[in-house]
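Residues per chain, in single letters:
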Amino acid sequence: MSLILGLESSCDDSAAALVASDRRILAQAVAGQTEAHRPYGGVVPEIAARAHVEILPGLIRRVLDEGGIAIGEVDAVAATAGPGLIGGVMVALLAGKGLALAAGKPLIAVNHLEGHALSPRLVDPELGFPYLLLLVSGGHCQLLEVLGVGDYRRLATTIDDAAGEAFDKAAKLLGLPYPGGPAIEELAKHGDASAVPLPRPLVGSDEPHFSFAGLKSAVQRAVATGDFRPEDIAASFQQAVVDCLVDRTALALRQSDAPALVVAGGVAANGAIRMALGELAAREDRRFSVPPPWLCTDNAAMIAWAGAERLQAGLVDALDVPARARWPLDEAAEKVRGAGVKA
Ligand code: KG4
Ligand code: ZN
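So, here's what we can say about the structure. Just so you know, these numbers come straight off a predicted model, no measurement behind them. (Residues numbered from 1 in each chain as written. Chains lettered and ligands numbered in written order. Predicted model: local features only at pLDDT ≥ 70, side-chain atom pairs only at ≥ 80, totals over all residues. Heavy atoms only, no water.)

This part covers the coordination of the zinc ion (ligand 2). Protein-derived ligands of the zinc ion (ligand 2) are H112 (NE2), H116 (NE2) and D298 (OD), with the metal-ligand distances lying across 2.0 to 2.1 Å. All donors to the zinc ion (ligand 2) come from one chain, and their sequence spacing reads H-x3-H-x181-D. You can see H112 sitting in helix 4 (residues 112–123) and its partner D298 sitting in the loop between helix 10 (293–296) and helix 11 (301–312), a full 186 residues away along the chain. Comparing H112 with D298, the two get one shared label, buried. (Donors = N, O, S within 2.8 Å, 3.2 Å for Na, K, Ca; no water. Helix = DSSP H or I, 4+ residues; strand = E, 2+ residues; numbered from the N terminus. Buried < 20%, exposed > 50% of the residue type's maximum accessible area, 1.4 Å probe, protein only.)

Okay, structure coming up:
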């Protein structure tokens, strides 16, 4: 049994957690910065980085106190080293290096996306490798085969916006507060999902990827007509995203023998998305696993858990490991149009 301190600061959540390799979460704390960024309708990198510097040390103190653990008693320190907003990434990574150095413990530089990717295994001990992962967050929308710790094969990615980005942009168009995902989900409960005709980009296409930019533009036009109720636009938008995710995931399932379908990342907190993908898994005769909503959005328990999995596999890092703004899980995957590549 080993005990891992996990640290996270790659976007707008500061977080610390103490997790044991037997899946016990001894303590965890997440502090969002929603209010600081709200006036700007999105995350301001400079504000986020400064806030992490102020908030993260107090969270580390808190989880150690709550867990009744001295820093010398942890077996490793795991910190997100990317991808993300680089100023923020540097805060948890450097804090982690300092603690690892002071306590004489190994440092584990965790890919934030691997944190999301392995998070279901923290709460679902029966979930073995391989599994097909739909990773949907503010910055990513990918389908990956998770073959093992550190071993990923990307089947699809977005050619423009990420799924969470689409929620955030649609919310902004509807005058809803940031972050947009939870706000749209709430409003959609009172709307009619068939009221507003919206496109389903790439649905039915043989191309494996996702696209959401056209959907956002259609929401913009629907808002501009003044003909639709906001709750109907929210519900219709959410349904369009669900349809895109289900169609693209169904295509990937046809190309993968993985016995399980897993959904993770902030957008996986969405009830409609969880239900639709669960139904898809049932139709396709695959096991379905999705972490509880608190483990879908950014947190440090998933970083500590990825640290535990990596420590178990003997994967530790040197103290000069870099912070990375860009860090794909599948480094061999081709760039697609939209990702800096012309179609
Ligand atoms: O994983 P995450 O917390 O941070 C990143 O690594 O990006 O994901 C944040 C994204 C945001 O775009 C947010 O709007 C979206 O997840 N999100 C949701 C919900 N909760 C968070 N999207 C749809 N429905 C939700 N309930
Ligand atoms: Zn995330």
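Structure shown, so let's carry the discussion forward.
As a further point, take the sheet that holds strand 8 (residues 151–156). Reading across from one edge, 8-7-6-9-10 is the order of the five strands in this open sheet, with mixed pairing throughout. Strand pairing shows two members of the sheet lacking a second neighbour, strand 8 and strand 10 (287–289), which therefore form its edges. The mean inter-strand angle of the sheet, taken between neighbouring strand axes irrespective of direction, is 25 degrees. One ladder, built from three bridges, connects strand 9 (residues 260–264) with strand 10; its direction is parallel. Residue pairing in the sheet places L261 in a bridge with F288 of strand 10. Running at roughly 155 degrees to strand 6 (residues 131–136), helix 8 (residues 230–254) makes contact with strand 6, strand 7 (141–148), strand 8 and strand 9 of the sheet. (Pairing = 2+ DSSP bridges. Axes fitted to C-alpha atoms, helices over the stretch in contact; angles between N-to-C directions. Contact = heavy atoms within 4.5 Å.)

This part is about the sheet that holds strand 5 (residues 107–111). With mixed pairing, the five strands of this open sheet are ordered in space as 3-2-1-4-5. The open sheet has two edge strands, strand 3 (25–32) and strand 5, and neither has a second partner. For this sheet, the mean inter-axis angle between neighbouring strands, taken without regard to orientation, is 20 degrees. The pairing of strand 2 (residues 13–20) with strand 3 spans seven bridges and is antiparallel. By the bridge assignment, A16 is partnered in strand 3 with A29. Seen against the sheet, helix 2 (residues 45–67) touches strand 1 (3–8), strand 2 and strand 3 and runs at an angle of roughly 25 degrees to strand 2. Strands strand 1, strand 4 (76–82) and strand 5 of the sheet are contacted by helix 3 (residues 86–103), whose axis makes an angle of about 155 degrees with strand 4.

Ranked by internal contacts, the top residues of the largest apolar core, which has 48 residues, are V136, F212, F237 and L245. Element by element, the count of residues in this core is highest for helix 8, at 13 residues. Residue contacts for L245: discarding those within four places in its chain leaves L134, V136, C141, F210, F212, I273 and L277. The next biggest cluster of nonpolar side chains, apart from the first, holds 32 residues, and it includes A78, I108, A301 and L329. (Core = buried A, V, L, I, M, F, W, Y, C linked by side-chain atoms within 4.5 Å.)

The next point concerns helix 5 (residues 163–173). For an α-helix, 3.6 residues make a turn, and residues three or four places apart therefore share a direction. All buried positions along helix 5 are accounted for by A163, G164, A166, F167, A170 and A171. Buried residues along helix 5 cover an arc of 155 degrees about the axis, so they all sit on one side. The inward-facing, buried residues of helix 5 contact strand 6, strand 7, helix 6 (180–188), helix 7 (213–225), helix 8 and helix 9 (271–283). After helix 5 finishes, the residue G175 shows a positive phi value of roughly 75 degrees. (Arc of directions from axis to C-beta.)

Moving on, we come to the site of ligand 1. In the neighbourhood of ligand 1, 20 residues make up the surrounding shell, with G138, D168, E185, G266 and D298 lying closest. Between ligand 1 and the protein, one listed contact pairs an oxygen atom with a backbone N or O atom of G164 at 3.1 Å. Here an oxygen atom of ligand 1 sits 2.7 Å away from a polar atom, N or O, in the side chain of D168. Secondary structure elements with two or more residues in the shell around ligand 1: helix 4, helix 5 and helix 6. Residue contributions to the shell around ligand 1 peak at four residues, all from helix 6. Here the residues of the shell around ligand 1 are counted per class, giving six nonpolar, eleven polar and three charged. Three or more residues apiece are contributed to the shell around ligand 1 by two domains, here domain 1 (3–117 + 295–312) and domain 2 (129–290). (Near = heavy atom within 4 Å. Polar contact = N/O pair within 3.5 Å; in protein donor to acceptor, adjacent residues only side chain to side chain. Nonpolar A, V, L, I, M, F, W, Y, C, P; charged D, E, K, R; others polar. Domains from an automatic or database assignment.)

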